[in-house]
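# Secondary and tertiary structure notes
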Amino acid sequence: MAQMKNVSELNKLRVQLFIEAVLNEGRLDLIDELIAADYVGHIPCAEPEVTGPAGVRQLVSSHRHAHPGLHVKVKDQIAEEDRVVTRWHATVPTREAQTPLAPAGRTAYYAGISITRLLAGKQVDSHTECTNLAAGPALAGLPRTPKSEP
């Protein structure tokens with residue numbers, strides 16, 4: 001059981017590395033090290049599915065080009081064996097937010113959960129669900145800066 005905990009912790013670190021280095025810093029050179037050749041990503045903003053390192057490279061590159069200030073922060077992670085569940089928040093500064101839901105003077109906020117399966121330290125599949133926090137009428141009164149979480 002102790003060995004499984006170590007594998008789970010290693011997998012969490014690999015997902016964190018992907019978020020910090022690849023998504024936030026644009027280190028596309030790490031994609032081949034972190035994404036399996038047969039990877040399939042089920043991501044709501046990407047149709048059809050994202051496949052392989054080349055698909056991930058294209059998705060990350062296009063998102064970073066469109067939103068250079070995009071920043072994803074891990075809020076919580078749970079890992080068991082080959083699966084890592086990551087709850088995250090993403091921000092896109094207003095000058096880069098290209099959506100009618102991000103009014104002038106505001107930053108666009110997104111929240112999501114990704115379930116990632118890894119094999120030998122590489123992502124082999126993932127399922128992501130995300131929400132624009134300013135999209136619903138109940139959330140229209142959100143403050144301009146997010147409150148810190150406990």
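My aim in this report is to walk through the structure given alongside it, one point at a time. It should be emphasised that the depicted structure is a prediction, and the values quoted were computed from it without experimental measurement. (Residues numbered from 1 in each chain as written. Predicted model: local features only at pLDDT ≥ 70, side-chain atom pairs only at ≥ 80, totals over all residues. Heavy atoms only, no water.)

### Describing the pattern of salt bridges
Using the following cut-off: A pairing counts as a salt bridge when a side-chain nitrogen of Lys or Arg comes within 4 Å of a carboxyl oxygen of Asp or Glu. Put simply, DSSP marks the helices as runs of H or I at least four residues long and the strands as runs of E at least two long, and each gets a number from the N terminus on. Residue exposure (1.4 Å probe, protein chains only): buried if accessible area is under 20% of the type maximum, exposed if over 50%, otherwise partly exposed.
Under the definition given, this model contains 5 salt bridges. Residue E33 pairs with R14 through a salt bridge whose shortest N-O separation is 3.5 Å. A residue pair is termed long-range when its members are at least 10 positions apart, and E33 in helix α2 (residues 31-34) and R14 in helix α1 (residues 2-24) qualify at 19 residues. Taking relative accessible area as the criterion, R14 reaches 19% and is therefore assigned buried.

### Remarks on the sheet that holds strand β3 (residues 71-80)
Put simply, the rule is: A pair of strands is considered paired only if DSSP assigns at least 2 bridges between the two.
Across the sheet, which stays open at both edges, the 6 strands sit in the order β2-β1-β6-β5-β4-β3 with mixed pairing between neighbours. Edge positions in the open sheet fall to β2 (50-51) and β3, since each of these has one partner strand only. Strand direction decides the pairing type here: strand β1 (residues 35-42) and strand β6 (residues 122-132), joined by 4 bridges, are parallel. If you follow V40 over to β6, its bridge partner there is D125.

### Structural notes on the nonpolar core
As a reminder of what qualifies: Think of a nonpolar core as a cluster: buried Ala, Val, Leu, Ile, Met, Phe, Trp, Tyr and Cys residues, connected wherever their side-chain atoms sit within 4.5 Å. It only takes one pair of heavy atoms within 4.5 Å for two residues to be counted as in contact.
If you look at the biggest cluster of nonpolar residues, it comprises 13 residues, and the most contacted ones within it are F18, V22, I35, V50 and V56. Contributions of two or more residues to this core are made by α1, α2, β1 and α3 (52-66). Apart from the residues lying within four places of it in its own chain, the contact partners of F18 are L23, L34, I35, V56, V60 and Q123. Core analysis: the next-biggest nonpolar cluster, separate from the first, contains 10 residues, V15, I19, A90 and V92 among them.

### Remarks on the layout of surface pockets
Going by this rule: For each structure, a 1 Å grid was placed over the protein atoms alone; sets of points admitting a 1.4 Å probe that cannot get out are labelled cavities, open sets with protein on both sides within 12 Å along at least five of seven lines are labelled pockets, and lining residues have an atom within 4 Å of a point. Grid points are joined across faces, edges and corners, and a volume is the space filled by probe spheres set on the points. For this classification, Asp, Glu, Lys and Arg are treated as charged, while Ala, Val, Leu, Ile, Met, Phe, Trp, Tyr, Cys and Pro are nonpolar and the rest, including Gly, are polar.
Size it by volume and the largest pocket reaches roughly 810 Å³. In this structure, the largest pocket is lined by 32 residues; those nearest its centre are L23, I43, C45, H63 and W88. For the lining of the largest pocket, the secondary structure elements donating two or more residues are α1, β1, α3, β4 (83-92), β5 (108-119) and β6. In terms of residue class, the lining of the largest pocket is made up of 21 nonpolar, 10 polar and 1 charged.

### Quick look at the pairing of β6
By the bridge criterion, 10 bridges tie β5 to β6 in an arrangement that is antiparallel. Across the sheet, the residue bridging to G112 is C130, located in β6. The turn joining β5 and β6, which pair antiparallel and follow one another in sequence, is formed by 2 residues; a positive phi near 55° is taken by A120.

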